[in-house]
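Listed below, chain by chain, are the residues.
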Amino acid sequence: MLSWLFSVATFAGIYALLALGINVIWGMGGMINLGMAGFFALGAYASALATATAGLPIAIGVALAAGLAALAGGILCRLTLRLRGDYLAIVTLGFSELVRLIAANEIWLTNGSDGISGIPGPWRPQLSPFGFNMLFCGLVAVTVLAIWAITERLRRSPWGRALRAIRDDDTAAAVAGKPIKRFKVQAFALGAMILGIAGAFYAHYTSYIAPDIFRPLITIYIFLALTAGGTGNTTGAVIGAIAVVIVLEGSRFVEGWVEALGGVQKAALREIVIGVTLIMIMQLRPLGLLPETSPGPFLTGVRKR
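A quick note: this is a predicted structure, and the numbers were derived from the prediction, not measured. (Residues numbered from 1 in each chain as written. Predicted model: local features only at pLDDT ≥ 70, side-chain atom pairs only at ≥ 80, totals over all residues. Heavy atoms only, no water.)

1. Some points on the overall build of the protein chain
Looking only at helices and strands, the protein chain features 13 helices and 2 strands. Computed over C-alpha atoms, the radius of gyration of the protein chain comes to 20 Å, within 12% of the 19 Å expected from 2.2 N^0.38 for 305 residues, which places it in the range of a compact globule. Dimensions along the principal axes, computed over C-alpha positions, put the protein chain at roughly 60 × 45 × 40 Å. Sequence-distant contacts in the protein chain: of pairs separated by 6 or more residues, those separated by 24 or more amount to 79%. Accessible surface, the protein chain as shown: approximately 15000 Å² in total, 68% of it carbon and sulfur. (Helix = DSSP H or I, 4+ residues; strand = E, 2+ residues; numbered from the N terminus. Rg over C-alpha atoms; globule rule 2.2 N^0.38 Å. Contact = heavy atoms within 4.5 Å. Areas by Shrake-Rupley, 256 points an atom, 1.4 Å probe, with all protein chains shown as cover.)

So this is what it looks like as C-alpha cells:
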C-alpha cells in the first residue's frame, strides 16, 4: 500500500511539472499550447534513446531531453508568432500529433508502436521496488520544488510582469517598448523545457514508453489541472495537478462499488466521475482553487509604506 502511495505521489509530481510548464506558456504568456503531449513525448524519447540505446548516464539524458524540448519550443513559437488564439492551438496540436506519428512510424529510431522498454532508472537494480518508488518520489519532489521556486521567482520578476502585460494586451506592451517576440519565444522555450523534463522523468520511472501513451487526452488533463488550480499561479498549478491525480486514482475505487457493470461500462463510469468532479470544482471555484493575484510592486531600494 505504501509503495502504491509513493507511485501515486510520483505521478502527481510529474503532472505538477507538466502543469508548471503549461503555466509558463499559457498562464503567464497567454499562448494556447495544445501540443503539450508532443513536448512531453519529445523529452521522454530523447532521454530514453540517450540512456537505453546510447548508454549515456541518466543525468545527461534528462539534460538532453530538456534542451531538445526547449529548442523545439523556441523554433515552434518563432514560426507561429503571427498566430493567435485558435490558430495557434491548432498548430501546436498538429505538432503534438506529428511527434506521435513519427514515434509510431520511424521504427529504426523509436521501435514504432512496440515502444522502447528497459529504460534505466536511478539505482533500480540495487533497490527493491518499494525502495525505488520512494527514491524516485523524492527526486521528483525535489525537482518540482526547484522548478516551482524558479518559476515563482520569474513570475514576480520584471520579466514575469512584462510577460503578463503582453498576455493581457500585447499592443499596449509593444507601445511601452517591450520586445514582445523575444518574451514569447523565451516563455515558450522555458515551458517546453519543463515539459521535456517531465517526459524524461516519466520514461525513467515507468521504464517503458510507446506512442499511444502520448495522446491529446493527457493535454486535456493538464489544462484541467491548471484551470482547477488557478491559471497563472505557480502554487495553484501544483495543487491542481495533485487534485487531478487524486481524482484520477480515487475514481478507480468507484469501479469496485458497481459489480453489475462490465469492464467497458466501469471505465465509462470512471470517466463520468472524473468529469463531474472537475465540473463541480469549476462551478464552486471558477477562478481555480488559488486564483492568480498580483505579486505586488517589484521595488529595489524603496521602502514600502
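2. What to know about the pattern of salt bridges
Counted under the stated rule, the structure contains 5 salt bridges. Across the pair Asp 168 and Arg 167 runs a salt bridge whose closest N-O atoms are separated by 3.1 Å. Across the pair Arg 215 and Asp 212 runs a salt bridge, and its minimum N-O distance is 3.2 Å. Three or more residues are tied together by salt bridges with common partners; here these are Glu 152, Arg 155 and Arg 156. (Salt bridge = Lys/Arg side-chain N within 4 Å of Asp/Glu carboxyl O.)

3. Describing the side chain of Ser 96
Mapped onto the elements, Ser 96 comes out in helix 4 (residues 85-105). Residue contacts for Ser 96: discarding those within four places in its chain leaves Leu 34, Gly 35, Ala 37 and Gly 38.

4. Here's the deal with the packing of aromatic side chains
Evaluation of the coordinates by the stated rule reveals 15 aromatic pairs. Taking the centre distance of 5.6 Å and the plane angle of 45° together, the rings of Phe 132 and Phe 136 count as tilted. A residue pair is termed a helical-turn pair when its members lie 3 or 4 positions apart in one helix, as Phe 132 and Phe 136 do in helix 6 (residues 129-156) at 4 residues. Of the two residues, Phe 132 and Phe 136, both sit in the buried class. Taken together, the ring pairs in this structure connect Phe 11, Phe 40, Tyr 45, Phe 132, Phe 136, Phe 201, Tyr 202, Tyr 205 and Phe 214 into an aromatic cluster. (Phe/Tyr/Trp six-rings, centres within 6.5 Å; stacked < 30°, edge-to-face > 60°. Buried < 20%, exposed > 50% of the residue type's maximum accessible area, 1.4 Å probe, protein only.)

5. What about the nonpolar core?
Core analysis: the biggest nonpolar cluster contains 82 residues, and Tyr 15, Leu 18, Phe 39, Phe 40 and Ile 209 have the highest contact counts within it. When residues of this core are assigned to their parent elements, the largest contribution, 15 residues, is made by helix 9 (residues 180-206). Leaving out residues up to four positions away in the same chain, Leu 18 has contacts with Met 36, Phe 40, Leu 195, Ala 198, Ile 218 and Ile 222. (Core = buried A, V, L, I, M, F, W, Y, C linked by side-chain atoms within 4.5 Å.)

6. Structural notes on the side chain of Thr 51
Topologically, Thr 51 is positioned in helix 2 (residues 36-53). Apart from residues no more than four positions distant in its own chain, Thr 51 is found in contact with Leu 56, Pro 57, Ile 58, Gly 61, Ile 119, Pro 120 and His 204.

7. A short note on the layout of surface pockets
In this structure, the largest pocket spans a volume of roughly 450 Å³. In terms of lining residues, the largest pocket is bounded by 18 residues, among which Phe 11, Tyr 15, Leu 248, Glu 249 and Arg 252 are the most central. Looking at the lining of the largest pocket element by element, the count peaks at 5 residues for helix 1 (residues 2-28). Its residues assigned to classes, the lining of the largest pocket shows 12 nonpolar, 1 polar and 5 charged. (1 Å grid on protein atoms, 1.4 Å probe; cavity = no way out; pocket = protein on both sides within 12 Å on 5 of 7 lines; lining within 4 Å. Points joined across faces, edges and corners; volume = space filled by probe spheres on them. Nonpolar A, V, L, I, M, F, W, Y, C, P; charged D, E, K, R; others polar.)

8. A few points about helix 9
With 27 residues, helix 9 extends 39 Å from end C-alpha to end C-alpha; this agrees with the ideal 39 Å at 1.5 Å per step. Looking one or two residues beyond helix 9, the residue adopting positive phi is Ser 207, at roughly 65°. (Expected span 1.5 Å × (residues − 1).)

9. Section: unusual backbone geometry
The phi dihedral of Asn 111 falls on the positive side, at around 65°, and the residue is not glycine. Mapping Asn 111 onto the fold places it in the loop between helix 5 (107-110) and strand 1 (116-117). The class of Asn 111 is partly exposed, set by a relative accessible area of 39%. Phi is positive for Trp 123, which is not a glycine, with a value near 55°. Given the relative accessible area of 55%, Trp 123 is considered exposed.

10. Comments concerning the packing of helix 2 against helix 3 (residues 58-79)
The description of two helices packed together rests on the angle between their axes and the distance between the axes. Two elements in contact, helix 2 and helix 3, have axes separated by 8 Å at closest approach and are oriented at 145°. Of the two possible hands of crossing, helix 2 and helix 3 adopt the one that is right-handed. Contacts between helix 2 and helix 3 pair Phe 39, Leu 42, Gly 43, Ala 46, Ser 47, Ala 50 and Thr 51 from the former with Ile 58, Gly 61, Val 62, Leu 64, Ala 65, Leu 68, Ala 69, Ala 72, Gly 73 and Leu 76 from the latter. For the contact of helix 2 with helix 3, the residue count by class is 12 nonpolar, 5 polar and no charged. (Axes fitted to C-alpha atoms, helices over the stretch in contact; angles between N-to-C directions. Left-handed = near helix turned anticlockwise from the far one by under 90°.)

11. Side note on helix 6
Here helix 6 is 28 residues long and its end C-alpha atoms lie 40 Å apart, about the 40 Å a rise of 1.5 Å per residue gives. The inward-facing, buried residues of helix 6 contact helix 1, helix 7 (158-168), helix 9 and helix 11 (234-250).

12. Comments concerning the environment of Ile 220
In this fold, Ile 220 is placed in helix 10 (residues 217-229). Separated by 26 residues in the primary sequence, Ile 220 and Ile 246 have C-alpha atoms spaced 16 Å apart.

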